[in-house]
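# Examining the three-dimensional arrangement
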Amino acid sequence: MTGKTHKFIGIVVGGAAAYYGMTVLHDPIHLFYLAAVPVGAMIADIDHDRSKLGRSRKNILNAVSAIFSSLIAAAIIFYLIDAYTKSRLIPAILTVLLILIPFLLLTSLTKIDFVRNNLKFMVKHRGLMHTLIMPAILFVAAFYITEPTFKIVVTGLAIGYATHIFADLLTVKGCPILYPLSKKNISIMKIKTGTFSEYIAGFIVSVTIGAFFLVGIF
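Residues numbered from 1 in each chain as written. Predicted model: local features only at pLDDT ≥ 70, side-chain atom pairs only at ≥ 80, totals over all residues. Heavy atoms only, no water.

## Quick notes on helix α11 (residues 196-214)
Count 3.6 residues to each turn of an α-helix, and residues three or four apart come out pointing the same way. With 19 residues, α11 should reach 27 Å at 1.5 Å per residue; the first-to-last C-alpha distance of 27 Å fits that figure. Next to the buried residues of α11 lie α1 (3-23) and α10 (148-169). (Helix = DSSP H or I, 4+ residues; strand = E, 2+ residues; numbered from the N terminus. Expected span 1.5 Å × (residues − 1). Contact = heavy atoms within 4.5 Å.)

This is the structure we're talking about:
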């Protein structure tokens, strides 16, 4: 699906998650979902030269800046400070690196001719970045993170990423979600990107997932 559809889904789902956290759980920290979920919904397309994030990967610093807003950067700082006060700074740093390295590594590898010519699956659009590996890393990291702010941010990134993969599964091209068992793209519907049916599907997906949050299923 197009970037604007993924962004719309991320905004709706992030808003629903934040609303539930604020009104039901009475915890303002869930407002971080408003930033994290939409960003997570866009990260996967960093492997696409024509995507907003993909165009910025020519400069790794610009790519990082495009992915992480100042709000998310602040959450990382809160997490590290909290870890320092609890004498867990080294594990916290390793956790942050576990999350950042796959994305930073991909932006760096795309500049290497050998990788582009011989390891195309790693850098091509709907390749490695469109597998379940990346959101799995985020969900596992979120499970082990104890500092509330950073936990919400990483969880939000994982949720947004998962919505991106699911939405692309609805398109004709699909995603290789069975990797590393198979590089074959899986498609559960045949929606063509950029058509009116994409926008209808995007609306239905965003409202459905958002509703799950609003009723407390997630």
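## Here's the deal with the environment of I177
Within the secondary structure, I177 is located in the loop between α10 and α11. As for I177 and L132, which are separated by 45 residues in sequence, their C-alpha atoms are 5.5 Å apart. Other than its neighbours up to four places away in sequence, I177 contacts H130, L132, I165, L169 and I186.

## Topic: the nonpolar core
Formed by 44 residues in total, the largest nonpolar core has its most connected members in F150, V154 and Y161. With ten residues, the single largest contributor to this core is α10. With sequence-adjacent residues up to four places away left out, V154 is seen in contact with I99, L138, A141, A142 and I145. (Core = buried A, V, L, I, M, F, W, Y, C linked by side-chain atoms within 4.5 Å. Buried < 20%, exposed > 50% of the residue type's maximum accessible area, 1.4 Å probe, protein only.)

## Regarding the pattern of salt bridges
Enumeration according to the criterion identifies one salt bridge in this entry. Between K86 and D82 there is a salt bridge, with the nearest N and O atoms lying 3.5 Å from each other. (Salt bridge = Lys/Arg side-chain N within 4 Å of Asp/Glu carboxyl O.)

## What about the packing of α1 against α10?
The contact between α1 and α10 brings their axes to 10 Å, and the two run at 135 degrees. Taken together, the axis directions place α1 and α10 in an arrangement best described as oblique. Note that α1 runs across α10; the crossing there is right-handed. Counting all contacts with α1, which are made through H6, I9 and V13, the residues of α10 involved are I159, T163, H164, A167 and D168. (Axes fitted to C-alpha atoms, helices over the stretch in contact; angles between N-to-C directions. Parallel < 35°, antiparallel > 145°, perpendicular 65-115°, else oblique. Left-handed = near helix turned anticlockwise from the far one by under 90°.)

## Concerning the confidence of the model for the protein
Looking at the protein as a whole, its pLDDT mean stands at 78, while 75% of the residues score no less than 70. Note on residues 56-61: pLDDT is under 50 here. Beyond four places in sequence and across chains, it has 18 contacts. (pLDDT = per-residue confidence, 0-100.)

## Some thoughts on the packing of α1 against α11
At a minimum axis separation of 8 Å, α1 and α11 run at an interaxial angle of 15 degrees. By the criterion of interaxial angle, the relationship of α1 to α11 is roughly parallel. As α1 runs across α11, the sense of the crossing is right-handed. Within the contact between the two elements, α1 uses K4, T5, F8, I9, V12, V13, A16, A17, Y19 and Y20 and α11 uses E198, Y199, G202, F203, V205, S206, V207, I209, G210, F213 and L214. Of the residues that constitute the contact of α1 with α11, the class distribution is 15 nonpolar, four polar and two charged. (Nonpolar A, V, L, I, M, F, W, Y, C, P; charged D, E, K, R; others polar.)

## A short note on the environment of G194
Here G194 lies in the loop between α10 and α11. The partly exposed category is assigned to G194, whose relative accessible area is 43%. Measuring from C-alpha to C-alpha, the distance between G194 and T5 comes to 9.2 Å, with 189 residues separating the pair along the chain. Sequence-distant contacts of G194, defined by excluding residues within four places in its chain, comprise T2 and Y199.

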